[in-house]
Amino acid sequence: MSSFRIRPRFKIEVNTSEAELIKLLKAELVDKENSCVGLVTGNFSVIKIPAQERHFWSPQLTLSYDERDEKTIIRGLYGPNPTVWAVFFFGYAILGIVALFILVVGFSRYSLDMSTTILWVLPGLGVGAVVLYIVAQTGQKFGAEHMYTLHHFFEDTIHKKVHIDVI
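Predicted, not measured: the structure shown is a model, and the values here were computed from it.

Cut-off values and rules
In this numbering scheme, every chain counts its residues from 1 along its sequence in written order. In keeping with the model being predicted, local features are shown solely for residues with a pLDDT of at least 70 and side-chain atom pairs are shown and tallied solely at 80 or more, while totals for entire chains, interfaces and linings include all residues. The side-chain values count all of the structure's non-hydrogen atoms but skip hydrogen atoms and water molecules. To obtain each axis, a line is fitted to C-alpha atoms, and for helices this fit is confined to the stretch in contact; angles are then taken between N-to-C directions over 0 to 180 degrees. Here a strand is any run of E in DSSP of at least two residues, a helix any run of H or I of at least four, and the numbering for each starts at the N terminus. Here is the rule for angles: anything less than 35 degrees is roughly parallel, anything more than 145 is roughly antiparallel, 65 through 115 is roughly perpendicular, and the remaining ranges are oblique. What makes two residues a contact is simply this: any of their non-hydrogen atoms within 4.5 Å. Under the scheme applied, nonpolar residues are Ala, Val, Leu, Ile, Met, Phe, Trp, Tyr, Cys and Pro; charged residues are Asp, Glu, Lys and Arg; polar residues are all the others, including Gly. Throughout this description, buried means an accessible area under 20% of the type-specific maximum (1.4 Å probe, protein chains only), exposed means over 50%, and partly exposed covers the range between. Residues scored as positive are Lys and Arg, those scored as negative are Asp and Glu, and His as well as the terminal groups of each chain are ignored. In the sections that follow, a salt bridge refers to a side-chain nitrogen of Lys or Arg positioned within 4 Å of a carboxyl oxygen of Asp or Glu. A helix is expected to span 1.5 Å multiplied by its residue count minus one. Put simply, two rings from Phe, Tyr or Trp (the six-membered ring, in Trp's case) pair if the centres are within 6.5 Å, and we call them stacked under 30 degrees between planes, edge-to-face over 60, tilted for the rest.

Caption draft 1: Region of the structure containing the packing of helix α2 (residues 82–111) against helix α3 (residues 121–142). Two numbers describe how α2 lies on α3: the axes approach to 10 Å, and their chain directions differ by 170 degrees. Overall, the two elements α2 and α3 adopt an arrangement that is roughly antiparallel. In contact with F88, G91, Y92, L95, V98, A99, I102 and L103 of α2, α3 contributes V121, L122, L125, G128, A129, L132, Y133, V135 and A136. Here the residues of the contact of α2 with α3 are counted per class, giving 15 nonpolar, two polar and no charged.

Caption draft 2: Here's a closer look at the side chain of E18. Here E18 is to be found in helix α1 (residues 18–30). Nearest to the buried, unbridged E18 among oppositely charged side chains is R68, at 9.3 Å. Apart from the residues lying within four places of it in its own chain, the contact partners of E18 are G42, N43, Y65, D66, E67 and T72.

Caption draft 3: Structural context of helix α4 (residues 144–158). The end-to-end C-alpha separation of α4 is 21 Å, in line with the 21 Å expected for 15 residues at 1.5 Å each. Where α4 is buried, its residues touch β1 (9–14), α1, β3 (44–48), β4 (59–68), β5 (71–80) and α3.

Caption draft 4: Here's a closer look at the environment of I158. Within the element layout of this structure, I158 appears in helix α4. For I158, a relative accessible area of 12% translates into the label buried. Between the alpha carbons of I158 and S108 there is a distance of 60 Å; along the sequence they are 50 residues apart. Apart from residues lying up to four places away in sequence, I158 is in contact with I12, V14, L21 and I74.

Caption draft 5: Geometry of the packing of aromatic side chains. Considering all chains together, one arrives at five aromatic pairs under this definition. Summarising the aromatic geometry, the rings of F56 and W57 are spaced 5.0 Å apart at their centres and angled 85 degrees between planes, so their arrangement reads as edge-to-face. On the accessibility criterion, F56 (48% relative accessible area) is partly exposed. Seen in terms of ring centroids, W57 and F88 are 6.0 Å apart; in terms of plane orientation they differ by 45 degrees. Their pairing is tilted. Of the two residues, W57 sits in the loop between β3 and β4 while F88 sits in helix α2, which places them 31 residues apart along the sequence. A network of ring pairs unites the aromatic residues F10, Y78 and F154 as a single cluster.

The structure is reproduced here in structure tokens:
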């Protein structure tokens, strides 16, 4: 499951109705011996590591269900806590906006035959983006054990092996 994918996902078809699947998942989540907690509402579920074991890099598994012809298609998405996701999103967004501003100012100054030393900030912003990516990958490695816990919990719940897409 460890890859360059930031948010690994899967899609699996089971021979269980959506209602039975939700009932099974709720029963497993209520069991205190299990290593996961979660919320099941309608055709959507979020499975997490218990709060006492969770850390900043702990992932969560988001599931959605779609019933078709007495079978249910389950789509799963492993991802960070929404707060962590937002931090990285805004980090990249700020770097991109600053880079765009510097490009506009730098090339405007270039077209007016003025000093373009502001463009030397761009490599620093590129390094900042690379650092953000490396931090995200490192965090993903810190959360890998919890990701395996979530994955095995889900496989044990539906009694079927699930292949993670590596596209």
